[in-house]
Amino acid sequence: MPSHDAASRYARFARDEAPGRSPVYEEWARAVADSASACAVIDRLPANRRQPPLVFAVARMLGARPLPGVPFVEWLVRHADALVAEAARRSVQTNEPQRCAALVPALSLIEGPIALIEVGASAGLCLQPDRYAYRYRGAAEVDLDPSGGSSVVLECEVRDSSVRGRGVPALHLPEIVWRAGIDLAPLNAADPSDRAFLTTLVWPGETGREARISAALDVAAADRPTIVAGDATDAGALEALAARVPSGATLVVSTPGVLPHVPFAGRQRMRAAIRDVGARWVSLDPPGLEASAGEGVDGARWPGFVLGLDGHALAACDPLGGWLEWRNGSSRAAG
């Protein structure tokens, strides 16, 4: 029988995450879940390196083609040693710039100028929300463009909320005067090997995403933000970065898509560290992991991720920022 943990994890990924995004990954995950040999390979990885997107990306880096499920499992078993060695030193660092389209509505509620720190910054693509252009369409029709334009144009569908009176706040580009990131293994937007790894993390079937990430890498490489190696669950690491913030700037810490990769105790330490440095907190994570979400968020019925500000749920969002549905009644900056 397949390993219960690995089989359950990959079956859940095939059922809940891959459909609509990547038929290849959906088929691969289902085949892994059904194979005792493939699950045994997954079990050889460190517990924090068993995520399907990471394993599949490393497989593709090592030469796996978009095979059907059973031939892929055969490939996986044949190349087990190489895959385990490579995946053990990598981590999921997708760094999707599209998520900035979800972050901007929360940042629009915060008085600037802003000093932005991103946890899990990777190459810093989500540290550039003021340097991208946005096209919000649907319940709100808003175009936002930085001075001089941008090679990165992010489109986001704004969906009607079923809750009366909960309209999207007035959107504007944030005024960011200082930015920095912290990551266990920072990547360099100008380094060819790091760029190749980030683009390989794009799931097969996600049209346009690789080109968008490549364009955002160019933006980050042109003016690289400070990204330090460290663990944001260590209060001292966040405190050291916060000490560099220029006076007069509002410190904002963002955690887009980070919390699922942090154990519970680490999440609690991170929340305490954010509070202790006096920062505003913008989060984008699954229901239940964003501790904010307690009030008004039913994880079983909540679509997508939760966009949160200071522990309060603002909107339901696509995990990658492709759509948002505002659910908070206040359109004023909290604070």
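Residues numbered from 1 in each chain as written. Predicted model: local features only at pLDDT ≥ 70, side-chain atom pairs only at ≥ 80, totals over all residues. Heavy atoms only, no water.

Participant: Help me out: how do you make sense of the sheet that holds strand β2 (residues 133–138) in this one?
Facilitator: Working definition: the strands of a sheet are paired by backbone hydrogen bonds and lie parallel or antiparallel to each other. One open sheet accounts for 11 strands, arranged β3-β2-β4-β11-β10-β9-β8-β7-β1-β5-β6; its pairing is mixed. In this open sheet, the two edge strands, each paired with only one partner strand, are β3 (142–144) and β6 (226–229). Neighbouring strand axes in the sheet, compared pairwise and without regard to direction, differ in orientation by 25° on average. Summarising the sheet, strand β1 (residues 114–119) and strand β7 (residues 250–256) pair through five bridges and their orientation is parallel. When the sheet's bridge partners are listed, Leu 116 is paired in β7 with Val 252. (Pairing = 2+ DSSP bridges. Helix = DSSP H or I, 4+ residues; strand = E, 2+ residues; numbered from the N terminus. Axes fitted to C-alpha atoms, helices over the stretch in contact; angles between N-to-C directions.)

Participant: In this structure, what is going on with the environment of Ser 122? I would like to understand it.
Facilitator: Within the secondary structure, Ser 122 sits in the loop between β1 and β2. Separated by 110 residues in the primary sequence, Ser 122 and Arg 12 place their C-alpha atoms 26 Å from one another. Discounting chain neighbours no more than four positions away, the residues touching Ser 122 are Gln 93, Asn 95, Asp 183, Pro 186, Leu 187, Leu 198 and Ile 227. (Contact = heavy atoms within 4.5 Å.)

Participant: What's the story with unusual backbone geometry in this structure? I'm lost.
Facilitator: In this structure, the amide linkage connecting Gly 112 to the following residue, Pro 113, adopts the cis form with an omega of 0°. One non-glycine residue, Ser 122, lies in positive phi territory at about 55°. Although it is not a glycine, Asp 310 sits at a positive phi angle of roughly 55°. As for its placement among the helices and strands, Asp 310 is situated in the loop between β9 (305–309) and β10 (312–317).

Participant: Would you take a moment to explain helix α9 (residues 209–222) for this structure?
Facilitator: Think of an α-helix as turning once every 3.6 residues; residues three or four places apart then point the same way. In this model, α9 (14 residues) spans 20 Å end to end at C-alpha, consistent with the 20 Å of a helix rising 1.5 Å per residue. Three or more residues of α9 are buried, namely Arg 209, Ile 213, Ala 215, Ala 216, Leu 217, Val 219 and Ala 220. Where α9 is buried, its residues touch α8 (192–200). (Expected span 1.5 Å × (residues − 1). Buried < 20%, exposed > 50% of the residue type's maximum accessible area, 1.4 Å probe, protein only.)

Participant: Quick question: what am I supposed to make of the nonpolar core here?
Facilitator: Ranked by size, the top nonpolar core spans 85 residues in total, and within it Phe 56, Phe 72, Tyr 136 and Leu 307 carry the most contacts. Top element by residues in this core is helix α7 (residues 100–107). It accounts for seven residues. Every residue in contact with Phe 72, bar those within four places of it in the chain, is listed here: Trp 28, Val 32, Phe 56, Ala 59, Ala 64 and Leu 67. Counting residues in each nonpolar core, the second largest holds 23 residues, with Ala 249, Leu 259, Ala 273 and Ala 279 among its members. (Core = buried A, V, L, I, M, F, W, Y, C linked by side-chain atoms within 4.5 Å.)

Participant: Honestly, the state of the cysteines in this entry has me stumped. Any pointers?
Facilitator: Note on terminology: a disulfide is the covalent bond linking the sulfur atoms of two cysteines. Tallying each qualifying case throughout the model produces zero disulfides. Looking at Cys 126, it has no disulfide partner, and the nearest cysteine sulfur is the one in Cys 100, 4.3 Å off. Of the residues examined, Cys 126 reaches a relative accessible area of 2% and is grouped as buried. The structure places no disulfide on Cys 317, whose sulfur is separated from the nearest cysteine sulfur, that of Cys 156, by 7.1 Å. (Disulfide = S-S within 2.5 Å.)

Participant: Help me out: how do you make sense of the confidence of the model for the chain in this one?
Facilitator: Predicted coordinates in areas of low pLDDT are best not read in detail. Mean pLDDT over the chain stands at 88; residues scoring 70 or higher make up 92%. Here α8 is the element of the chain with the lowest mean pLDDT, 85, and β1 is the one with the highest, 97. Within the model, pLDDT remains below 50 along residues 330–335, and this stretch shows nine contacts once partners closer than five positions in the same chain are excluded. (pLDDT = per-residue confidence, 0-100.)

Participant: In this structure, what is going on with the packing of helix α1 (residues 4–17) against helix α3 (residues 36–43)? I would like to understand it.
Facilitator: In helix packing, the relevant descriptors are the interaxial angle and the interaxial distance, both defined with respect to the helix axes. Running from N to C, α1 and α3 point in directions that differ by 100°, and their axes come no closer than 9 Å. Put simply, α1 runs roughly perpendicular to α3. Residues Ala 6, Ala 7 and Tyr 10 of α1 form the contact with α3, whose participating residues are Cys 39, Ile 42 and Asp 43. Of the residues assigned to the contact of α1 with α3, the class counts are five nonpolar, no polar and one charged. (Parallel < 35°, antiparallel > 145°, perpendicular 65-115°, else oblique. Nonpolar A, V, L, I, M, F, W, Y, C, P; charged D, E, K, R; others polar.)

Participant: Honestly, the environment of Val 153 in this entry has me stumped. Any pointers?
Facilitator: Take Val 153: it is sitting in strand β4 (residues 153–159). For Val 153, a relative accessible area of 42% puts it in the partly exposed group. Taking C-alpha positions, Val 153 is 9.8 Å from Arg 131, a pair spaced 22 residues apart along the chain.

Participant: I would appreciate a short explanation of the packing of aromatic side chains in the present structure.
Facilitator: Any aromatic ring pair is given by two values, namely how distant the centres are and how the planes are angled relative to each other. Counted under the stated rule, the structure contains 11 aromatic pairs. Ring plane angle 50° and centroid distance 5.6 Å describe the contact between Tyr 25 and Trp 203, whose orientation is recorded as tilted. On the criterion of sequence distance, the pair formed by Tyr 25 in helix α2 (residues 23–33) and Trp 203 in the loop between α8 and α9 is long-range, its members being 178 residues apart. Trp 203 shares its class with Tyr 25; the two are buried. Between Trp 28 and Phe 72, the ring centres sit 3.8 Å apart and the planes meet at 5°, which makes this aromatic pair stacked. Of this pair, Trp 28 sits in helix α2 while Phe 72 sits in helix α5 (residues 69–78), placing them 44 residues apart in sequence. Members of the aromatic cluster, each reached through a chain of ring pairs, are Tyr 10, Phe 13, Tyr 25, Trp 28, Phe 56, Phe 72, Trp 75 and Trp 203. Above the plane of the ring of Trp 323 lies Arg 159, whose end atom (NZ or CZ) is 4.0 Å from the centre. Over the ring of Trp 302 we find Arg 327; its NZ or CZ atom is 4.5 Å from the centre of that ring. (Phe/Tyr/Trp six-rings, centres within 6.5 Å; stacked < 30°, edge-to-face > 60°. Lys NZ or Arg CZ within 6 Å of the ring centre and 35° of its normal.)

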